[in-house]
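Coordinate analysis (summary)
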Amino acid sequence: MASLLMFRHMTCILQQHLFVPRCRYIGQAAARINVDFEYESPLMKTEVPGPKSRELIKQLNTIQNADAVNFFCNYEKSRGNYLVDVDGNRMLDLYSQISSIPIGYNHPALIKILQQPNNLSSFINRPALGILPPENFTATLEESLLNIGPKGLKQVMTMSCGSCSNENAFKLIFMWYRKKERGHSSVTKEELDSCMINKFPGCPDYSILSFMGGFHGRTMGCLATTHSKAIHKLDIPTFDWPIAPFPKLKYPLDQFEKENQVEETHCLEQVEDLIVKYRKKKTTVVGIIVEPIQSEGGDNHASDDFFRKLRDIARKHGCAFLVDEVQTGGGATGKFWAHEHWGMDDPADVVTFSKKMMTGGFFHKDELRPDAPYRIFNTWLGEPSKNILLAEVLNVIKQEGLLHNAVCAGKVLLDGLQDLQTRYPHLLSRVRGRGTFCSFDTPDDATRSKLILQTRNKGVVIGGSGDKSIRFRPTLIFKEYHAHLFLNIFNDVLAEFK
Ligand code: PSZ
């Protein structure tokens, strides 16, 4: 009862605020949401982290470094776009577990899937999929991943996380290239012996070209292609693989086309120069990895034309083109895969995914298929219950038109942020985004941290990326209503910001 009263009280306060024009720049009332399983608004009881969270952080910290923990959550009570913490705070979640909750917390359609008796064994028994898959494995892959496979990529493998996906995609590329180079499939004794002691020719000096600012994971192969923050890389030995500059563009993109094009041309020239230079060093570049929008590195965009030209460079030099859609994939940009915006018939040789896809993995062309069993392999190779959940997530995305929703909600969010940028230019700059995949820059890291904390204490979770950007990674059921709700709250945060 008390909580209901509190809820009414808060809603009332919120509504009063909504109609006070003096402090409302955005001025759009938030229409009521039609998702009946969700809460109506944030509800804050304590600062975050609250006393319960702080105690739990202290306890966890005795057995591991828990300094990164923001707060502890109550996932039973969390619903839709709302994340509830252990102190009873209910926050509108625009970060969704670093972009990895596709259709909100506790979606009724997913609860139903879990309650079906014939799905039970998939949730209980985790198989070693590479050797002992369940009867429905192929059918479930067909219903889930193969339904949304990128153009021309008919082969699929599942993995447990994003890093694992990229790591294995690199290996797939190396094996493919070596087979091409040999021109036949028989392997010499020298190759077999030398690979056992980490030496050429069994271990060829191949490389994957990546971009400054890119993030592809923290495992050791991936880390050689990750260049978003020094702290990820410090103290870890790595490969001397080529790193090309990623375009540093001016926003909004449509106002700076000419200048941005010059910058992109310069970066593409560097890519080709590096491929040639590394070949001379006898470190052949056999693959290029790129994110359609650099995410961890600070939400750096490039034009569709840049990616088309990059793809052509890869083809020209015989390099596999690996598009890392771990963060961009799954619909937030308004298309299921962000690379679809490039409008190409042959956009990639390999596409990796994880996060919103619930399972990690990659799609690839037939010609990259491993020529022997156990060459791309690990114990779990993904998780069949995640494939079942993904099949239902895809149904919901289709039935509820959630790709179109990302375009509409994203437009409200981006327009609102642009409005706020004109009102608070000392706090917001370089507003940018595609679909709900939006972000802006703050003046510096300290201001960013304060903004994130103050926004959270008003009931909205947002995240950082790069040196000083704030990013939005809401779920696919984030509607125009939620965007208005956020903009109104954020306007207050900015107006009161000290
Ligand atoms: O700090 C971290 O380790 C984070 S924070 C966000 C991520 C990692 N994103 C993961 C990610 C990604 O965004 C892209 C484009 N590629 C690969 C990865 C690695 O995925 P995970 O974390 O599942 O291994």
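Please read all numbers here as calculations on a predicted model, not as lab measurements.

Comments concerning the site of the ligand
Around the ligand lies a shell of 15 residues, among which Gly162, Ser163, Arg218, Asp324 and Gln327 are the nearest. At 2.9 Å, a backbone N or O of Gly162 approaches an oxygen atom of the ligand. Computed on the free molecule, the ligand has an accessible area of 530 Å², of which 82% lies beneath the protein chains in the complex. Here the shell around the ligand takes 3 residues from helix H7 (residues 162-182), the largest share from any one element. Classifying every residue of the shell around the ligand by side-chain character gives 4 nonpolar, 6 polar and 5 charged.

Quick look at the nonpolar core
Of all hydrophobic cores here, the largest spans 79 residues; its most connected members are Ile173, Leu209, Phe211, Val271, Ile288, Phe306 and Leu310. The element best represented in this core is H7, accounting for 9 residues. Ranked by size, the runner-up nonpolar core spans 32 residues in total, among them Leu414, Leu427, Val431 and Ala483.

Examining the side chain of Asp304
Within the secondary structure layout, Asp304 lies in helix H12 (residues 304-316). A distance of 3.0 Å separates a polar atom in the side chain of Asp304 from a polar atom in the side chain of Arg434.

With respect to the packing of helix H15 (residues 445-457) against helix H16 (residues 480-496)
At a minimum axis distance of 10 Å, the contact between H15 and H16 shows a crossing angle of 125°. Between H15 and H16, the angle falls in the class oblique. Crossing angle aside, the handedness with which H15 passes H16 is right-handed. Residues Leu451, Gln454 and Thr455 of H15 touch H16, and the partners they reach there are Phe490, Val493 and Leu494. For the contact of H15 with H16, the per-class residue count stands at 4 nonpolar, 2 polar and no charged.

Re the pairing of strand E10 (residues 429-434)
Bridge analysis of E10 against strand E11 (residues 437-441) gives 4 bridges, and the strand direction is antiparallel. Residue pairing in the sheet places Ser429 in a bridge with Asp441 of E11.

About the thresholds
Within each chain, residue numbers correspond to sequence positions counted from 1 in written order. Local features in a predicted model are, by the rule used here, given only for residues with pLDDT of at least 70; side-chain atom pairs are given and counted only at 80 or more, and totals for whole chains, interfaces and linings are based on all residues. Just so you know, side-chain values use all the structure's heavy atoms and leave hydrogens and water out. Near residues are defined by distance, with any heavy atom within 4 Å of the molecule or strand qualifying the residue. Throughout this description, a polar contact denotes any pair of N or O atoms lying within 3.5 Å of each other; where both atoms belong to protein, one of them has to be capable of donating a hydrogen while the other can accept it, and for residues adjacent in sequence the pair is counted only when both atoms sit in side chains. With residues, only the protein chains shown are counted as cover, and all accessible areas are computed by Shrake-Rupley using a 1.4 Å probe. Secondary structure elements are taken from DSSP: a helix is a run of H or I of four residues or more, a strand is a run of E of two residues or more, and numbering for both begins at the N terminus. Under the grouping applied here, Gly and all other residues not named as nonpolar or charged are polar, the nonpolar ones being Ala, Val, Leu, Ile, Met, Phe, Trp, Tyr, Cys and Pro and the charged ones Asp, Glu, Lys and Arg. The term nonpolar core refers to a set of buried residues drawn from Ala, Val, Leu, Ile, Met, Phe, Trp, Tyr and Cys, joined through side-chain atoms within 4.5 Å. Categorising residues by exposure relies on relative accessible area from a 1.4 Å probe, with only protein chains included: less than 20% of the type maximum marks a residue as buried, more than 50% marks it as exposed, and the intermediate range marks it as partly exposed. Axis definition: a line fit to C-alpha positions, over the contact stretch in the case of helices; interaxial angles, taken between N-to-C directions, run 0 to 180 degrees. An angle counts as roughly parallel when it lies under 35 degrees, as roughly antiparallel when it exceeds 145, as roughly perpendicular when it falls between 65 and 115, and as oblique in every other case. Working rule for handedness: look at the near helix, and if it is turned counterclockwise from the far one by less than a right angle, call the crossing left-handed; if clockwise, right-handed. Pairs of residues are marked as contacts when any of their non-hydrogen atoms sit within 4.5 Å. Here a strand pair is declared whenever DSSP counts at least two bridges between the two strands.

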